[in-house]
Amino acid sequence: IGSYGIVTFDKGRITERRFEDVYTLDLPWDYPFIKGPQELHDYLLGEKQPWQFADSNWSPDFPTSARDAIRLYDNESGGDHIDGVLAITTYTIDELLKTTGPITIPGYDITVGPGETTLKLLQAIWGAADAGSPNRKAILGPFAERLFTSLLGLPPGRWSQLLGEAETFRQEGLLLAWFRDPVDQSFVAKAGFDGAV
């Protein structure tokens, strides 16, 4: 996991959205030590490195990885109430941009269109003056904010186009979901977005 976001809903309204580089959470190692699964311990982490949120998605079974992500996030952050986990990739964002159209990121003079998300964001992150710092992914916040605003501002007729992309998201594994609530998770599993192995 390279980046993560916390999105809070209250009665159907988004009340908080923030997006961070995973290393702002994982470093420094000043939280309780959790030993990773034996495979990670033996081949990646070793004796001294704790199992971190960035490596929580080690399992090919998404429900397992989602539960691990919540546990490791809580360990490192001091605890928040997390109801569920959504996993997306930059290719998911490319699909969303087909509906919203290109997005210009405020403060960066960068416009990202469908098919450009990975390359343009990596160029901005690694081309920044502070490319080695924990703040190197500062562009993610304004980009996500603009994307959310564009998605939520779509006219009703365009929502059908977005819903039509759901099959692409499902077939290509571009959107995976896991929820603590068994009823919610049952709905996700029936729809084929659970990523279970």
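**A closer look at the pattern of salt bridges**
Reasoning step 1: Under the defined criterion, the tally for this structure stands at five salt bridges.
Reasoning step 2: As a salt-bridge pair, Lys98 and Glu95 come within 3.0 Å of each other at their nearest N and O atoms. Of this pair, Lys98 and Glu95 both sit in helix 4 (residues 90-100), three residues apart, which is roughly one turn of the helix.
Reasoning step 3: A salt bridge links Arg170 to Glu167; the shortest N-O distance between them is 2.6 Å. Separated by three residues within a single helix, Arg170 and Glu167 lie in helix 8 (residues 166-171), roughly one turn from each other.
Reasoning step 4: Overall, Arg170 belongs to the partly exposed group, its relative accessible area being 32%.
Reasoning step 5: For Glu167, a relative accessible area of 38% puts it in the partly exposed group.

**What to know about the side chain of Asp21**
Reasoning step 1: For Asp21, the position within the fold is in strand 2 (residues 13-21).
Reasoning step 2: On the accessibility criterion, Asp21 (3% relative accessible area) is buried.
Reasoning step 3: Within the structure, the side chain of Asp21 is placed 3.0 Å from the backbone nitrogen of Tyr23, a separation counted as a polar contact.

**Re the packing of helix 4 against helix 6 (residues 140-152)**
When two helices pack together, their arrangement is given by the angle between their axes and by how far apart the axes lie.
Reasoning step 1: Two elements in contact, helix 4 and helix 6, have axes separated by 10 Å at closest approach and are oriented at 45 degrees. With respect to their mutual orientation, helix 4 and helix 6 come out oblique. Judged by the sense of rotation from one axis to the other, the crossing of helix 4 with helix 6 is left-handed. Residues Ile93, Leu96, Leu97 and Thr100 of helix 4 pack against Phe143, Leu147, Ser150 and Leu151 of helix 6.
Reasoning step 2: Residues belonging to the contact of helix 4 with helix 6 are distributed by class as follows: six nonpolar, two polar and no charged.

**Some remarks on helix 4**
Reasoning step 1: Most of helix 4 is tucked away: eight of the 11 residues are buried.
Reasoning step 2: Listing the buried residues of helix 4 in full gives Thr92, Ile93, Asp94, Glu95, Leu96, Leu97, Thr99 and Thr100.
Reasoning step 3: Capping the start of helix 4 is the job of one residue whose side-chain oxygen sits 3.1 Å from the backbone nitrogen of Tyr91: Thr89.
Reasoning step 4: Positive phi shows up at Gly101, right after helix 4, with a value of about 90 degrees.

**What about unusual backbone geometry?**
Reasoning step 1: In this structure, Pro28 follows Leu27 across a cis peptide bond, with omega equal to -5 degrees.
Reasoning step 2: A positive phi angle is found at Lys11, which is not glycine, with a value near 55 degrees.
Reasoning step 3: Looking at the element boundaries, Lys11 is found in the loop between strand 1 (3-10) and strand 2.
Reasoning step 4: Backbone geometry at Asp109 places phi at a positive 55 degrees, although glycine is not the residue there.
Reasoning step 5: Following the sequence through the fold, Asp109 ends up in the loop between strand 4 (103-105) and strand 5 (110-112).

Conventions used here
- Residues numbered from 1 in each chain as written.
- Predicted model: local features only at pLDDT ≥ 70, side-chain atom pairs only at ≥ 80, totals over all residues.
- Heavy atoms only, no water.
- Salt bridge = Lys/Arg side-chain N within 4 Å of Asp/Glu carboxyl O.
- Helix = DSSP H or I, 4+ residues; strand = E, 2+ residues; numbered from the N terminus.
- Buried < 20%, exposed > 50% of the residue type's maximum accessible area, 1.4 Å probe, protein only.
- Polar contact = N/O pair within 3.5 Å; in protein donor to acceptor, adjacent residues only side chain to side chain.
- Axes fitted to C-alpha atoms, helices over the stretch in contact; angles between N-to-C directions.
- Parallel < 35°, antiparallel > 145°, perpendicular 65-115°, else oblique.
- Left-handed = near helix turned anticlockwise from the far one by under 90°.
- Contact = heavy atoms within 4.5 Å.
- Nonpolar A, V, L, I, M, F, W, Y, C, P; charged D, E, K, R; others polar.

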